[in-house]
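# Structure at a glance
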Amino acid sequence: MKARAVALALAGCAALVAAAPSFAEAAFELKPLGPGVYAAIDRQGKAGANAGFVIGSEAVAVVDSFFREDAARALLVEIRKLTPLPIRYVINTHHHIDHVSGNRLFAEAGATLVAQRQVLDWLQPENLRLVGGDKASDARKRQVAGLKAPQLGYEQQLSLDLGGRRILLQHLAGHTGGDTAVWVADAQVLFLGDLMWRASVPNLIDARVQRWIPTLDALNTLPAGTAVVPGHGEMANLADMRTFRDYLRDLQTQVDAALAQPGEAEQRQQQVLDVLRARYGQWAYFEGLARANVRDMFAEAEGHKRTPEPQPAPSLPMPAAAQR
C-alpha cells in the first residue's frame, strides 16, 4: 500500500515537473544546508521571500510558501525531485502575504498548514491592510481573499516529528506578534522568517522593535556554526544576525535622541533618516522602506504605533495531532 502511494505521488507530480523547472531556476536558488535540509533563496524578488524545507525519514515539512503561487508550485516540483515522501506540514513563520500565498497548493498536496495561533485571525484582515485596504487593486484583493489559512495552531512551542527527525517551532516576539522560528537541531539550521533580514531594511508595519532586539540577543546564544535562513536576503550566520540587530538598535537609539531634541516632526525624522542612510544606505530595500521604518519607530517610541490586536482565545485546533 505504501509503495502504491509513493507511485501515485510520483505520477501526480509528473506534469508539474514538466512545467516548472525553468521557473524554479529563475525564482529561487535551492541551497542544501545539511542532510535533508534546504533553503530556497529568493532571486531578485521573483519569489517574493525566502522559504525552505526539511526531509525526515517519513515526511517533509516546508517553511513558508512564497508570495507568488507559481514560485510555490516550482518549490513543490523541486521537493518532488528529491523525495516522494508526503509533505506533511507547511509552517507559516508569520501572516504576511509574501510568506503565505502558496499555502493553497501545498494544502491541496495533502499538507497541514501550521502557524502560531494568531496567524489565523490576522491572515485576511491584516494582509488586506498590508496591500492597501480599500485602495488595493482588485488583483491584490483577490489574492488576499484566496489565502489559505493555517489548520493547526500552537501557543509558545510545538515539536513536529518527520520520522527520525524532530523540528522545534517557537513563538518569538518582534516582527509581527505571531512569529515562528523553526529550529532543526540535528543540522544546526534556524529558519527565522522575517525576524531576520540579511543586509536588508525590514518591514516594520506590524513590528515592536523594543521586543525584537531582546529576541535577537537571546538567539545569539545559539551554537556559533548555526546557519540562519532569513525571510529576505542571502543565507546568514549569527554575525549577520547581530548586524541586523544593530540596525534595529541604531534606529531605536536615533529616534530616542531625536525625540529629546526640539524641532518639527518631519525635520527630526529626516535627521534620523540621514544617519541611517550614511550607515545602511547600501542595504536592499533602503529606498523603499527606510523612511517608513523611521515613521514606525517614532510611532512606537511615542506610544501610538498600530499593530495587530492579539486575540485572547485560541482559534485553531489543539496541536496534539502533530505530536506523532
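The preceding data block contains the structure.
Rules behind the numbers
- The residue numbers shown here count from 1 along each chain, following its written sequence.
- Local features in this predicted model are restricted to residues whose pLDDT is 70 or higher, and side-chain atom pairs enter the listing and the counts only when it is 80 or higher, whereas totals over whole chains, interfaces and linings include all residues.
- As a convention, hydrogens and water are excluded, and side-chain values are obtained from all of the structure's heavy atoms.
- For the purposes of this entry, the term helix denotes a DSSP run of H or I that reaches at least four residues, the term strand denotes a run of E that reaches at least two, and both are numbered from the N terminus.
- Exposure categories follow from relative accessible area, calculated using a 1.4 Å probe and restricted to protein chains: below 20% of the type maximum is buried, above 50% is exposed, and the middle band is partly exposed.
- Note on areas: these come from Shrake-Rupley sampling with a 1.4 Å probe, and a residue is covered only by the protein chains present in the view.
- One bridge is not enough; two strands pair if DSSP finds at least two bridges between them.
- The angle between two axes is taken between their N-to-C directions and runs from 0 to 180 degrees, where each axis is a line fitted to C-alpha atoms and a helix contributes only its stretch in contact.
- Note on contacts: a residue pair qualifies if any of its non-hydrogen atoms lie within 4.5 Å across the two residues.
- Here a pair means two rings of Phe, Tyr or Trp (six-membered ring of Trp) with centres within 6.5 Å. Their orientation is stacked below 30 degrees between planes, edge-to-face above 60, and tilted elsewhere.
- By definition, a residue's bend is the angle between the axes fitted to the seven residues ending there and the seven starting there.
- Throughout this description, any angle smaller than 35 degrees is read as roughly parallel, any larger than 145 degrees as roughly antiparallel, any in the 65 to 115 degree range as roughly perpendicular, and the remainder as oblique.
- For any pair of crossing helices, the crossing counts as left-handed if the nearer helix is rotated counterclockwise from the farther one by less than a right angle, and right-handed if it is rotated clockwise.
- Note on residue categories: nonpolar means Ala, Val, Leu, Ile, Met, Phe, Trp, Tyr, Cys or Pro, charged means Asp, Glu, Lys or Arg, and polar means any other residue, Gly included.

Our focus in this paragraph is the overall build of the protein chain. Scanning the protein chain from terminus to terminus reveals eleven helices and twelve strands. Burial analysis of the protein chain (324 residues in total) assigns 52% to the buried set. Total accessible area computed for the protein chain in this model is approximately 13,900 Å², and 52% of it derives from carbon and sulfur atoms.

Before going further, it helps to spend a moment on the sheet that holds strand 8 (residues 157-161). Ordered by their spatial adjacency, five strands build an open sheet running 8-9-10-11-12, and the pairing between neighbours is mixed. The outermost strands of the open sheet, each flanked by one partner alone, are strand 8 and strand 12 (227-232). Adjacent strand axes in the sheet meet at a mean angle of 25°, parallel and antiparallel pairs treated alike. Both strand 8 and strand 9 (residues 166-172) contribute to a ladder of five bridges, which runs antiparallel. In the sheet register, D161 faces strand 9, and the bridge partner there is R166. Packing against the sheet, helix 8 (residues 209-219) makes contact with strand 9 and strand 11 (189-197), and its axis sits at approximately 160° to strand 11.

Moving on to the packing of aromatic side chains. Inspection of the entire model under this criterion finds seven aromatic pairs. Taken together, a centroid distance of 6.1 Å and an interplanar angle of 90° make the contact between W197 and Y285 edge-to-face. With W197 in strand 11 and Y285 in the loop between helix 10 (265-280) and helix 11 (286-302), this residue pair connects regions lying 88 residues apart in the sequence. Assessed through its relative accessible area of 4%, W197 is described here as buried.

Take unusual backbone geometry next. Positive phi, normally seen in glycine, also occurs at F66, with a value near 70°. Following the sequence through the fold, F66 ends up in the loop between strand 4 (60-63) and helix 4 (69-82). By relative accessible area, which is 0% here, F66 ends up buried. Even without being glycine, Q188 reaches a positive phi, approximately 50°. Within the secondary structure, Q188 sits in the loop between strand 10 (179-184) and strand 11. Q188 sits in the partly exposed class, given a relative accessible area of 32%.

The next thing to look at is the pairing of strand 1 (residues 28-34). Two elements, strand 1 and strand 2 (residues 37-42), share six bridges in a ladder whose sense is antiparallel. Among the inter-strand pairings, G34 is bridged to a residue of strand 2, identified as V37. Hairpin geometry of strand 1 and strand 2 is characterised by an intervening segment of two residues between the two adjacent antiparallel strands and by a positive phi of about 75° at G36.

Moving on to helix 6 (residues 118-130). The sharpest bend along helix 6 measures roughly 45° and falls at Q124, with the proline P125 sitting one to four residues further on. When we look at burial in helix 6, the residues that qualify are Q118, V119, W122, L123, E126 and N127. Looking at the buried residues of helix 6, the elements they touch are strand 6 (112-116) and helix 7 (138-145). G132 sits one or two positions beyond helix 6 and adopts a positive phi of about 120°.

Turning to the packing of helix 8 against helix 9 (residues 238-259), a few remarks are in order. In contact at an axis separation of 10 Å, helix 8 and helix 9 are set at 155° when each is read in the N-to-C sense. The angle between helix 8 and helix 9 falls in the class roughly antiparallel. Crossing hand, helix 8 versus helix 9: left-handed. Every residue of helix 9 that contacts helix 8 at V209, Q210, W212, I213, L216, D217 and L219 is listed here: L238, M241, F244, R245, L248, R249 and Q252. When the residues that make up the contact of helix 8 with helix 9 are grouped by side-chain class, the tally is nine nonpolar, two polar and three charged.

Further remarks concern the sheet that holds strand 1. The strand order across the open sheet formed by seven strands is 1-2-3-4-5-6-7, and the pairing between neighbours is mixed. The strands lining the two open edges of the sheet, one partner per strand, are strand 1 and strand 7 (152-154). The sheet shows a mean angle of 20° between the axes of neighbouring strands, direction not considered. As judged from the three bridges shared by strand 6 and strand 7, these two strands associate in the parallel manner. Across the sheet, V114 pairs through a bridge with L152, a residue of strand 7. Where helix 4 meets the sheet, it contacts strand 1, strand 2, strand 3 (51-55), strand 4 and strand 5 (87-91), and its direction lies at approximately 40° from that of strand 1.

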